[in-house]
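Each chain, letter by letter, is given below.
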Amino acid sequence: MEITWWGHATCTVEDSGVRLLTDPLFARRLAHLRRRRGALPPPEAAEADVVLVSHLHADHLHLPSLARLAPGTRLVVPAGARRAVPGLARVAAVRRLAVTEVAPGDEVGVRAGVRVRAVRARHDGRRLPFGPHLAPALGYVVHGSVRTYFAGDTGLFDAMAEEVGPVDVALLPVGGWGPYLGPGHLDAGRAAQALAALAPAAAVPVHYGTYWPIGLDAVRPHEFHAPGEEFVRRARRLAPKVAVRVPGHGERVRLP
């Protein structure tokens with residue numbers, strides 16, 4: 001199986017002839033954020049059989065990026081997403097996307113031999129800055145030739161390994177888009193703790209080093225550049241048997 005990291009939480013997972021895309025974000029600028037590293041993903045990055053959206057924050061459920069999907073693409077979103085984000089229904093109608101809403105524990109069959117299971121994430125699932133808590137934040141486990149866990153955006157919680165179950169590959173967030181991470185996030189240290197608990201064969205750090213607030217280039221820049229390699233260092237100590245790969249933006253890696 002192969003994984004391409006396009007930046008932030010956007011990855012293409014290719015397994016058993018199925019192409020899955022996570023949290024597509026293809027924008028040069030989003031509100032006060034701008035893309036500071038990596039070229040914008042090429043048009044083929046939007047090609048997918050299934051798109052997995054972890055939660056409703058605009059850098060994960062990005063309507064202009066979803067509007068680039070091919071007609072008929074299957075879109076898996078948290079339960080309540082269409083109610084919480086009216087624009088989602090409009091984009092889905094115009095692009096003829098097949099939308100499936102899921103809650104933790106739900107499974108979606110993709111193709112013979114490939115299925116997706118939604119799991120809980122510890123993160124604020126609301127569409128900010130407005131709206132009540134109408135949709136959960138999720139992670140996903142892709143069951144194909146290997147079991148791949150895409151954590152979305154989450155904090156560390158006690159039952160994580162139990163709820164996720166055995167996995168072979170983990171795509172873990174290790175940073176963010178600002179100099180400070182609030183609750184419900186993993187930094188490099190907490191991501192390494194999660195890795196030790198999950199004990200996959202391989203891991204790829206994501207959700208760092210792509211977007212940064214305008215005007216904060218000189219404020220703690222190590223928080224932008226360093227999380228990937230810091231995760232590698234922490235993982236060597238806490239989970240030395242796990243093979244950690246750190247792709248560049250747009251780089252495809254093949255995992256066992």
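First things first, this report covers the structure right here in the doc.

A few words now on the layout of surface pockets. Roughly 460 Å³ of internal volume is contained in the largest pocket. The wall of the largest pocket is formed by 24 residues, among which H32, H57, D59, L128 and W177 lie closest to the centre. Its residues assigned to classes, the lining of the largest pocket shows 13 nonpolar, 8 polar and 3 charged. Considered as a void within the structure, the second largest pocket measures approximately 240 Å³ in volume. Considering the residues around the second largest pocket, the lining is formed by 17 residues, among which V174, D187, A188, E223 and P227 are closest to the centre. Every element with two or more residues in the lining of the second largest pocket is listed here: helix 5 (188-198), helix 6 (222-225) and helix 7 (227-238). Ranked by residue count, the leading element in the lining of the second largest pocket is helix 7, at 4 residues. The class makeup of the residues in the lining of the second largest pocket is 7 nonpolar, 5 polar and 5 charged.

Taken in spatial order, the 7 strands line up as 8-7-6-3-2-1-17 in an open sheet, and their pairing is mixed. Each of the sheet's edge strands pairs with one partner strand only, and the pair in question is strand 8 (98-102) and strand 17 (251-254). Across the sheet, the mean angle from the axis of one strand to that of its neighbour is 20°, orientation sign disregarded. Looking at chain direction, strand 7 (residues 74-78) and strand 8 are connected through 5 bridges and run parallel. Across the sheet, V77 pairs through a bridge with E101, a residue of strand 8.

Calculation rules
The written sequence of each chain sets the order in which its residues are numbered from 1. With pLDDT at 70 or above as the cut-off, local features in this predicted model cover only qualifying residues; side-chain atom pairs require 80 or more to be listed or tallied, and sums for whole chains, interfaces and linings still use all residues. Excluded from the side-chain calculation are hydrogens and water; included are all heavy atoms of the structure. Using protein atoms alone on a 1 Å grid, points that fit a 1.4 Å probe yet trap it form a cavity, whereas open point sets bounded by protein on both sides within 12 Å along at least five of seven lines form a pocket; residues with an atom within 4 Å of a point count as lining. Grid points are joined across faces, edges and corners, and a volume is the space filled by probe spheres set on the points. For this classification, the nonpolar set comprises Ala, Val, Leu, Ile, Met, Phe, Trp, Tyr, Cys and Pro, the charged set comprises Asp, Glu, Lys and Arg, and every other residue, Gly included, is treated as polar. To qualify as a helix, a DSSP run of H or I must reach at least 4 residues; to qualify as a strand, a run of E must reach at least 2; elements of each kind are numbered from the N terminus. Strand pairing is defined by DSSP finding a minimum of two bridges between the two strands. Fitted lines through C-alpha atoms give the axes, limited to the stretch in contact for helices. The angle between two N-to-C directions lies from 0 to 180 degrees.

Read these as spatial facts, not as claims about activity.
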